[in-house]
Amino acid sequence: MATRARPLTPIHWLGAAFAALAALCVLGPLAAVMLRADWPPALGPADWAAVRFTLLQAVLSAAVSVTLAIPVARALARRDFTGRRALVTLMGAPFLLPVIVAVLGLLAVFGRAGWINAGLQGIGLGRVDVYGLQGVVLAHVFLNLPLAVRLLLQGWQAIPSERMRLATALGFSGPDMRRHFERPLLRAILPGAALLIFLICTTSFAVALILGGGPGATTVELAIYQAFRFDFDLGRAALLGLVQVAICLGAAALAFGAIRGQEVGAGLDRPPMGWPGDGLVSRLGDTLAIGTAAIFLLLPLLAVLLQGLPALADLPVGVWQAALRSIGLALASTALALSLALPIALLVARLTRPGLVEALAFLTIAVSPLVVGTGLFVLIRPLANPVALALPITALVNALVALPFLLRALVPAATAAEATQGRLADALGLRGAARLRHAILPRLKRPLGFGAGLAAAFSMGDLGVITLFSTPGQGTLPLEMYRLMGAYRTDDAQGAAVLLLALTLGLFWLFDRGGRMDADTR
Amino acid sequence: MRHTIIATGLSIFAGAAFAQTPVLTVYTYDSFVSDWGPGPAIEEAFEAQCGCDLQFVGAGDGAALLARIRLEGAQTEADVVLGLDTNLTAAARETGLFRPHGIAAEGLTLPIAWDDADFLPFDWGYFAFVHRTDLTNAPTSLEALAASDVSIVIQDPRSSTPGLGLLMWVQAAYGDRAGEIWEGLSDNIVTVTPGWSEAYGLFLEGEADMVLSYTTSPAYHLIAEEDAGFASAAFSEGHYMQVEVAGILARTDVPDLARDFMEFMISPGFQDVIPTTNWMYPATAVTLPDGFEGLTMPERALLLSPEEAAAVRDEAVATWQRALAR
């Protein structure tokens, strides 16, 4: 929808500055690595093979994740049942897990010695082999389906209940609902969600290699590891980082080009009500969608829990200290991420062609943490001791990495708020802080809570750049868990994984719940 | 009032000047300095005798450690680097950042002779495929493994030092036939992991019959978990060794202290800690804890010289990738 040009206020300029800062935090270190390299850097055939495999698996993973997310999010939006909220929170857990925990949980179910194969062999059937491209996609869907579901669910929940009342009064059928509500909302949200998941999958390394079954599953990120650690070819590492920048911007151009403005309409934020055009078939379909997704997402978590619970009680004291450190770190990066994301989201909602701004912020998840971390290290070293700054640097990097998730949660809601309440506020002559507080922010409460939860959980669970700067006594909980694994202490590592899972989910739940306080009945 | 402040300032300054203990900075791999690694005990033992402050800095694994040193170059703060292996020392030497350690390496008990002027070993181990003792048909050679249907998990040589060790093992045992052996092994390999931890975790979950690790791995299960259910398969070609070394940086401003540390490194105060923290063999003759005596002891030790290892590395990785990219 064409809108008249609206002036930018200071908070929008702040958003522009923050978006530029986020991009600079990625491109600056990349340039720093480039400058340290021998010239001219070059990519070999193996690198291009890695680029091709990376694109293939990421496109498949993103496509499958968002496709499967549609029936699940739809079902969760339309049904109300006891424990629904708890289920929604729990089903989000795979996205919040450190990858190695997720992989071990997944293999406990789908692996060669997993429950499914044990069951198949028990009834005399053969064995399913999880390793290969199908395994890579399975794992990426397991990790990212929860994110896709939550992003789509936000869209369904944003449908104003007044509209639903109207639809009910008009006797809307299922197809009517799809045409007038669901398709527009999918067109507004699906491309952004797919982009986000695609980009997460392009920097996958351990998951792709382990589930891919061998060097045929070499991703760009692994090629960067090889260039940096094995060959110490900084030029190749930086060039591969540039390839990631190109992939990010190209994919963002495609995705944001595909977004069609959402115009579901304004409401008075009354509690939602029943879904019009609801029949037995759709009820059965919804039950099936929720049930299947719950089993797929929760069984591996159950495996993680069963393996880790026995060790939880006598975890070494260092693990608890690391847990405290991680909670502090998560809170700091969440605060930072929120302060960066809100102005950027408001800016994006204001612009008629906002793709570039958001794409810049998306660079933070598209470019290799190894390259960015190394570049930061090179940049900071002449000024200060990076090892002494390990925790602040990790907090900053985690905040930057959480930025795209926050934006994807905030931007659709902010755009909708601008399009509806914004016009009303303008007509009333509301400006500046008052306009923000009365017209826009109340509509952002739920995505803010959800986004903050994601940021906190992400910072809690991510190994991040701390590995590049670590010294004894500074470890975060994920790092401490890896250290336990590396010291044969598998039982303790599994206990630490359960602690991490509980804390991450707890933080996510607190923020997410905070965003829904006095919002509605769901 | 102002005088008090000045006096306080002066006395702090003076105190700092008198209390200034020399600092020895040692870069090492991350698991060395974790609470469960050798780091804490070694720091305590060395500080008790050196009148110095020993500061460990952890950096990933051996390969990441070398990358870190190369990145920092001559401006590095490290006095000593501890944790490279002989597959990395040729590249490390080539940087020109290290200086000869100047220690007569007497009393080393490695299965091979040691004369490296720049690097001194602190522990070593044999790579081996570890399995549970209920595996009845454990193969007796790499070739027999390739011909069998025993499943294995290995590490990627591009991101893991054990992974690179296996590459060198096949290379040292079979030379030009390495490609053929890898093709034979490709259907035994369940998957390839980025590092040792993931591979060992997968093995413990039952995803494969055997995992590439060390002959000393069963000792951990026996000693720390009182579980005698693990063993390593003895291979007739011999076993490739991993020799872990340390070296002194040329730029160090505490060369004497660095040398003291290297001497301490091959003394009992350091060596005694190694077997049950790093789960490797110590480099000198110290008494091994109970449980080590029953471990597989290979009849032949294989090890390429640092120069050979560096020369064959890239071709070996290419061969490996071709054979495994089915």
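- An unreviewed UniProt entry lists chain B under the name Thiamine-binding periplasmic protein, with Roseicyclus mahoneyensis given as the organism.
- Note on chain B: under the UniProt heading Subcellular location (unreviewed entry), the record states "Periplasm".
- According to UniProt, the comment filed for chain B under the heading Sequence similarities (unreviewed entry) is "Belongs to the bacterial solute-binding protein 1 family."

- An unreviewed UniProt entry annotates chain A as Thiamine transport system permease protein of Roseicyclus mahoneyensis.
- Under the UniProt heading Subcellular location (unreviewed entry), the entry covering chain A gives this text: "Cell inner membrane".

1. Structural notes on the overall build of chain B
Argument step 1. Across its full length, chain B holds 14 helices and twelve strands.
Argument step 2. Here chain B has a C-alpha radius of gyration of 22 Å; the compact-globule value for 326 residues is 20 Å, and the two agree.
Argument step 3. Along the first, second and third principal axes, the C-alpha set of chain B runs to 85 × 40 × 40 Å.
Argument step 4. Among the 326 residues that make up chain B, the fraction classed as buried is 59%.
Argument step 5. Summarising the internal contacts of chain B: among those between residues at least 6 apart in sequence, 77% fall at separations of at least 24.
Argument step 6. Entry remark: accessible area of chain B is about 12500 Å², with carbon and sulfur atoms responsible for 51%.
Argument step 7. Placing the 14 positive and 46 negative side-chain charges of chain B at their respective mean positions leaves the two points 9 Å apart.

2. Here we look at the confidence of the model for chain B
All names here are of chain B.
Argument step 1. A residue-level look at chain B finds 94% of positions with pLDDT of 70 or above and a mean pLDDT of 91.
Argument step 2. Contacts of residues 4-18 to residues separated by more than four positions or lying in other chains number zero contacts, the stretch itself having pLDDT below 50.
Argument step 3. Model confidence for the complex: the whole-complex pTM is 0.88, and ipTM, which rates the interface, is 0.86.

3. Points about the interface of chain B and chain A
Argument step 1. Chain B puts 56 residues into the contact, and the matching count from chain A is 53 residues.
Argument step 2. Of the roughly 4600 Å² buried at the junction of chain B and chain A (both faces included), carbon and sulfur atoms supply 59%.
Argument step 3. Considering only the side of chain B, the residues that lose the most area to chain A are W36, L71 and R158 of chain B, jointly responsible for 19% of the buried surface there.
Argument step 4. For the pair chain B and chain A, the interface holds five salt bridges.
Argument step 5. Of the charged contacts in the structure, one is a salt bridge between D61 of chain B and R229 of chain A, with a shortest N-O distance of 3.1 Å.
Argument step 6. For the pair chain B and chain A, the number of links is 15 residue pairs in polar contact (both at pLDDT 80 or more).
Argument step 7. Going through the elements one at a time, helix 2 (30-33), strand 2 (53-58), helix 4 (62-72), strand 7 (189-193), helix 9 (196-204), helix 10 (217-224) and helix 14 (306-324) of chain B are the ones with two or more residues in the side of chain B that touches chain A.
Argument step 8. The residue inventory of the side of chain B that touches chain A, partitioned by class, reads 23 nonpolar, 17 polar and 16 charged.

4. Observations regarding the environment of V498 of chain A
Residue and element names in this part refer to chain A.
Argument step 1. The residue V498 is located in helix 21 (residues 490-516) in this model.
Argument step 2. What makes V498 buried here is its relative accessible area of 4%.
Argument step 3. When the C-alpha positions of V498 and A194 are compared, they lie 29 Å apart, and in sequence the two are 304 residues distant.
Argument step 4. Apart from residues lying up to four places away in sequence, V498 is in contact with V304, L305, G308, L309 and L312.

5. A word on the UniProt feature "domain: ABC transmembrane type-1" (unreviewed entry) in chain A
Argument step 1. Feature annotation in UniProt places "domain: ABC transmembrane type-1" (unreviewed entry) on residues 51-255 and 323-511 of chain A, given in this structure's numbering.
Argument step 2. Secondary structure within residues 51-255 of chain A divides into 80% helix and 0% strand; the distance between the first and last C-alpha atoms comes to 20 Å.

6. Here we look at the state of the cysteines
All names here are of chain B.
Argument step 1. Tallying each qualifying case throughout the model produces one disulfide over all chains.
Argument step 2. Put simply, C50 and C52 are joined by a disulfide, and their sulfur atoms are 2.1 Å apart. Its torsion about the S-S bond being -85 degrees, the disulfide of C50 and C52 is classed as left-handed.

7. Digging into the packing of aromatic side chains
Residues and elements named next belong to chain B.
Argument step 1. Taken as a whole and judged by the stated rule, the model has 34 aromatic pairs over all chains.
Argument step 2. An angle of 85 degrees between the planes, with centres 5.2 Å apart, marks the rings of F46 and F261 as edge-to-face. Of this pair, F46 sits in helix 3 (residues 39-50) while F261 sits in helix 11 (residues 255-265), placing them 215 residues apart in sequence.
Argument step 3. Relative accessible area serves as the criterion here: at 0%, F261 is assigned to the buried category.
Argument step 4. On the numbers, 6.0 Å between centres and 70 degrees between planes, the contact of F122 with F270 is edge-to-face. With F122 in strand 5 (residues 119-132) and F270 in helix 12 (residues 268-271), this pair connects stretches of sequence that are 148 residues apart.
Argument step 5. Relative accessible area serves as the criterion here: at 0%, F270 is assigned to the buried category.

Conventions we followed
- Residues numbered from 1 in each chain as written.
- Chains lettered and ligands numbered in written order.
- Predicted model: local features only at pLDDT ≥ 70, side-chain atom pairs only at ≥ 80, totals over all residues.
- Heavy atoms only, no water.
- UniProt positions renumbered as here; feature names shortened; annotations may be inferred.
- Helix = DSSP H or I, 4+ residues; strand = E, 2+ residues; numbered from the N terminus.
- Rg over C-alpha atoms; globule rule 2.2 N^0.38 Å.
- Buried < 20%, exposed > 50% of the residue type's maximum accessible area, 1.4 Å probe, protein only.
- Contact = heavy atoms within 4.5 Å.
- Areas by Shrake-Rupley, 256 points an atom, 1.4 Å probe, with all protein chains shown as cover.
- Lys, Arg positive; Asp, Glu negative; His and termini not counted.
- Charge placed at Lys NZ, Arg CZ, Asp CG, Glu CD.
- pLDDT = per-residue confidence, 0-100.
- Buried area = accessible area lost by both parts, 1.4 Å probe.
- Salt bridge = Lys/Arg side-chain N within 4 Å of Asp/Glu carboxyl O.
- Polar contact = N/O pair within 3.5 Å; in protein donor to acceptor, adjacent residues only side chain to side chain.
- Nonpolar A, V, L, I, M, F, W, Y, C, P; charged D, E, K, R; others polar.
- Disulfide = S-S within 2.5 Å.
- Phe/Tyr/Trp six-rings, centres within 6.5 Å; stacked < 30°, edge-to-face > 60°.

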